[in-house]
Amino acid sequence: MGTGSAGSTGRLLGSGRTADVYEYEGELASGGDGAWVLRRYRGEYGDAAAEAEVMEHVRGHGYPVPCVRAVTRSDLVMERLSGPTMLEAFAAGLLGPREAGALLARLLRDLHAVPARVGQDPEVRVLHLDLHPENVILTSDGPKVIDWNTAEEGPPGLDWGMSAVIVAQVAVGGLTGFESRAAMARSVLTALLTDEQAPSAMTEEGLVQARRRRAANPTMSPAEVEALGAAEELIRTLLV
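Residues numbered from 1 in each chain as written. Predicted model: local features only at pLDDT ≥ 70, side-chain atom pairs only at ≥ 80, totals over all residues. Heavy atoms only, no water.

## A closer look at the packing of aromatic side chains
1) Next: If you walk through the whole model with that rule in mind, you get 1 aromatic pair.
2) Next: The interplanar angle of 90° and the centroid separation of 5.9 Å between the aromatic rings of Tyr 63 and Trp 148 together place this pair among those described as edge-to-face. A residue pair is termed long-range when its members are at least 10 positions apart, and Tyr 63 in the loop between helix H2 (48-60) and strand E4 (68-71) and Trp 148 in the loop between strand E8 (142-145) and strand E9 (152-154) qualify at 85 residues. Taken individually, Tyr 63 and Trp 148 each receive the classification buried, so the pair is uniform in this respect. (Phe/Tyr/Trp six-rings, centres within 6.5 Å; stacked < 30°, edge-to-face > 60°. Helix = DSSP H or I, 4+ residues; strand = E, 2+ residues; numbered from the N terminus. Buried < 20%, exposed > 50% of the residue type's maximum accessible area, 1.4 Å probe, protein only.)

## Quick notes on H2
1) Next: In this model, H2 (13 residues) spans 18 Å end to end at C-alpha, consistent with the 18 Å of a helix rising 1.5 Å per residue.
2) Next: Residues Ala 48, Glu 51, Ala 52, Val 54, Met 55, His 57 and Val 58 constitute the buried set of H2.
3) Next: The secondary structure elements touched by the buried residues of H2 are strand E3 (36-41), E4, strand E5 (75-79), helix H4 (97-111) and strand E6 (125-127).
4) Next: Following H2 by one or two positions, Gly 62 has its phi on the positive side, about 85°. (Expected span 1.5 Å × (residues − 1). Contact = heavy atoms within 4.5 Å.)

## Quick notes on helix H9 (residues 228-239)
1) Next: Taking 1.5 Å per residue, 12 residues should reach 16 Å; H9 reaches 17 Å between its end C-alpha atoms and fits that length.
2) Next: Turning to H9, its buried residues are Leu 228, Ala 231, Glu 232, Leu 234, Ile 235 and Leu 238. Buried positions in H9, seen along its axis, are confined to an arc of 160° and lie on one side of it. (Arc of directions from axis to C-beta.)

So, in structure tokens, the structure goes:
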């Protein structure tokens with residue numbers, strides 16, 4: 001993994017709340033196999049160097065993430081993945097709700113089997129803290145997880161809580177731009193929390209802390225924060 005991203009940005013491929021993704025052009029892009037993209041954080045959001053370290057750690061333990069080629073504080077040059085997101089596949093009828101929920105559950109379980117990179121406590125694991133259907137790409141080699149900016153180490157219950165809260169926000173119509181996906185999200189959430197092959201590791205503390213963290217997210221609107229109450233209530237009805 002290099003420490004510079006010498007090269008130029010090509011076509012804009014997508015934009016999120018904190019970063020933009022471009023086609024990558026330059027010396028690094030012409031070397032090795034496959035294509036590359038540049039993910040660039042806007043303003044003070046994100047620490048691409050720290051994100052790359054986590055990605056390389058979990059990748060070294062067999063977890064499915066894009067390969068990182070170069071990094072600076074704001075820029076991350078990584079493998080370009082080909083395939084739909086889980087959300088796109090679900091919307092196109094290529095993935096059923098139980099299959100989608102079960103896949104999210106398995107990805108959480110597999111991640112929490114990876115030992116912590118820094119912490120020594122055996123109960124502490126690497127947490128993604130933003131693992132939801134838009135951050136899973138279904139490639140020909142299987143699903144790969146992207147957007148590790150929020151990753152840290154802690155108890156797995158917090159990671160389950162964050163994934164559930166994010167999906168539940170969509171399920172109650174409380175996430176801007178995803179209002180039409182409410183029924184779909186509710187089905188996925190139900191499958192995530194009730195999957196028999198990878199049973200939920202949700203904890204009371206994890207759920208409470210997840211809602212608190214989500215509410216403190218600076219990219220959230222007041223209306224989105226207000227919807228968190230209904231999202232938590234929905235999760236609790238499914239856990240009964």
